[in-house]
Amino acid sequence: LGFEAAKDLAGRIGNGKIILACRNYENGESAASMIRQSSGNANVECMKLDLASCDSIRQFALDLTKRNEDSDEQLDISALICNAGVWVPMEQKQKTDEGYEVHFGVNHLGHFRLIQSILPIMTKSKLEDKRVVFVSSSLLKSGKIDMQKRDFIHDGRSDEVDTNNETKRKSFAPTGYCDSKLMNALTCRQLALELHNQHPPSNITTYAVCPGFCKSNLGRSVQVPFYVRGIMRLFQRTSAQGAQNIVHVTMEDTEKLVSGALYQDGKIEDGTTSVLEGVGADVQKQLWDLSEELAKK
């Protein structure tokens, strides 16, 4: 999705700069080279960023800040697209270097830290149109956030049990992934409020998107039988098709968008929006406050 979105955007903005922030620099530079060739935009580059590492996020933001302070290279960031994501079976119990459950640590907290690090750069920019984009998922409907237990931080939410104390049938999607996608959308909503409540209100807007069920390398950590993959392809969108959701909220006139909303296929997605409203503003703000606290560590 990230590659296809970057390729599309690179072809739309002339020689405007596109920075691919990638965990694997070699793969990222190869992707940047392909985008430069296919789009004709020579101003596409790769920078190293590992959202599972607090140190990597700090270094990435520091490198951007230094470049922005260079009189020869002013980086006016018009859009920060938070697209990175992991999908790992919960039984693998993967964690980040800091001990966070990997979905929470990368998909949510990593992006939260990145946004908090880049917002000062965006705020200083004289651009009138600046936005933050979250790539969420309709799987947020299966997400849950228990702010009392807070089990999502280190261990991940365990399988639910029914009234007979029997484990319910597992979803095909890891609970941590579903929870993190719910967190993405809630963070988008709260960020919109935080930006609007600044004095004066910030001109930075924020949007979440559901790209749909797309063929991508997201499930690279999952062993799926070949016949299941064959069935899945009947229902999957291509990555290029899914990426159009990202392109839409990145390029559409802000007067036609609602900051904080979640979009799919060019419009606000009612089903997921109802889920977000059902979670409530209290949990949304509690998640934000917790994320701020953890991001400072």
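See above for the structure.
All values reported here derive from a predicted model rather than from experimental measurement. (Residues numbered from 1 in each chain as written. Predicted model: local features only at pLDDT ≥ 70, side-chain atom pairs only at ≥ 80, totals over all residues. Heavy atoms only, no water.)

## Focus: the overall build of the protein
- Across its full length, the protein carries nine helices and seven strands.
- In the protein, which comprises 297 residues, the proportion classed as buried is 47%.
- Partitioning the intrachain contacts of the protein with sequence separation of at least 6 by distance along the chain shows that 73% fall at a separation of at least 24. (Helix = DSSP H or I, 4+ residues; strand = E, 2+ residues; numbered from the N terminus. Buried < 20%, exposed > 50% of the residue type's maximum accessible area, 1.4 Å probe, protein only. Contact = heavy atoms within 4.5 Å.)

## Examining the pattern of salt bridges
- According to the stated counting rule, one finds twelve salt bridges in the structure shown.
- As a salt-bridge pair, Lys 7 and Glu 4 come within 3.5 Å of each other at their nearest N and O atoms. You can see Lys 7 and its partner Glu 4 sitting in helix α1 (residues 2–12), three residues apart, about one turn around the helix.
- For Glu 45, the salt bridge identified is with Arg 67, shortest N-O distance 2.9 Å. Placement of the pair is Glu 45 in strand β2 (residues 44–48) and Arg 67 in helix α3 (residues 54–69), with a sequence separation of 22 residues.
- Take Arg 67: its relative accessible area is 18%, and that puts it in the buried class.
- By sharing partners, the salt bridges in this structure join Lys 17, Glu 45 and Arg 67 into a single network. (Salt bridge = Lys/Arg side-chain N within 4 Å of Asp/Glu carboxyl O.)

## Regarding the nonpolar core
- Membership of the largest hydrophobic core comes to 51 residues, with the highest contact counts inside it found for Ile 118, Val 132 and Ile 145.
- Elements supplying a minimum of two residues to this core: α3, β3 (79–82), α4 (102–124), β4 (130–135), α5 (175–196), β5 (204–209) and α9 (281–295).
- The biggest single contributor to this core is α4, with eleven residues.
- Val 132 has contacts with Leu 80, Cys 82, Ile 115, Leu 119, Met 122, Leu 191, Ile 204, Thr 205, Thr 206 and Tyr 207, leaving out every residue within four places of it along the chain.
- Residues Leu 9, Ile 18, Leu 20 and Ala 31 belong to the second largest nonpolar core, which totals twelve residues. (Core = buried A, V, L, I, M, F, W, Y, C linked by side-chain atoms within 4.5 Å.)

## Quick look at the packing of aromatic side chains
- Using the criterion set out here, one finds five aromatic pairs in the structure.
- Each ring, one from Tyr 207 and one from Tyr 263, has its centre 6.4 Å from the other, and the planes form 70 degrees; the classification is edge-to-face. You can see Tyr 207 sitting in strand β5 and its partner Tyr 263 sitting in strand β6 (residues 262–264), a full 56 residues away along the chain.
- Judged by relative accessible area, Tyr 263 falls into the buried class, the value being 4%.
- Through pairs of rings, three or more aromatic residues link up here, namely Tyr 100, Phe 104 and Phe 152. (Phe/Tyr/Trp six-rings, centres within 6.5 Å; stacked < 30°, edge-to-face > 60°.)

## A word on the side chain of Asn 68
- By the element assignment, Asn 68 lies in helix α3.
- A distance of 2.7 Å separates a polar side-chain atom of Asn 68 from the backbone nitrogen of Leu 75. (Polar contact = N/O pair within 3.5 Å; in protein donor to acceptor, adjacent residues only side chain to side chain.)

## Notes on the pairing of β2
- The element β2 is extensively covered by neighbouring structure, given that four of its five residues are classed as buried.
- As paired elements, strand β1 (residues 18–22) and β2 share five bridges and run parallel to each other. Within β2, the position partnered with Ile 19 by the bridge is Glu 45.
- At this point the chain moves from β1, through helix α2 (residues 25–39), to the parallel β2, and the crossover so formed is right-handed. (Pairing = 2+ DSSP bridges. Right-handed = clockwise from strand over helix to strand, strands pointing away.)

## Points about α1
- Those residues of α1 not exposed but buried are Glu 4, Ala 5, Ala 6, Leu 9 and Ala 10.
- Buried residues belonging to α1 abut β1, α2, β2, β3 and α7 (239–251).

## Some thoughts on the environment of Lys 95
- Structurally, Lys 95 is set in the loop between β3 and α4.
- Judged by its relative accessible area of 42%, Lys 95 is partly exposed.
- In sequence terms Lys 95 and Asp 155 are 60 residues apart; their C-alpha atoms lie 8.4 Å from each other.
- The residues touching Lys 95, leaving out its near neighbours within four places in the chain, are Tyr 100, Val 102, His 154 and Asp 155.

## A short note on the side chain of Asp 151
- Note that Asp 151 resides in the loop between β4 and α5.
- Relative accessible area serves as the criterion here: at 16%, Asp 151 is assigned to the buried category.
- Those residues in contact with Asp 151 that lie beyond four places of it in its chain are Gly 156, Arg 157 and Ser 158.

## Description of the sheet that holds β4
- Spatial strand order, β3-β4-β5-β6-β7: five strands in an open sheet with mixed pairing. The outermost strands of the open sheet, each flanked by one partner alone, are β3 and β7 (267–268).
- Bridge count for β4 against β5 is six bridges, and the pairing is parallel. For Phe 134, the partnering residue across the bridge sits in β5 and is Ala 208.
- Together, β3, β4, β5 and β6 form the strand contacts of α7, whose direction differs from that of β4 by roughly 160 degrees. (Axes fitted to C-alpha atoms, helices over the stretch in contact; angles between N-to-C directions.)

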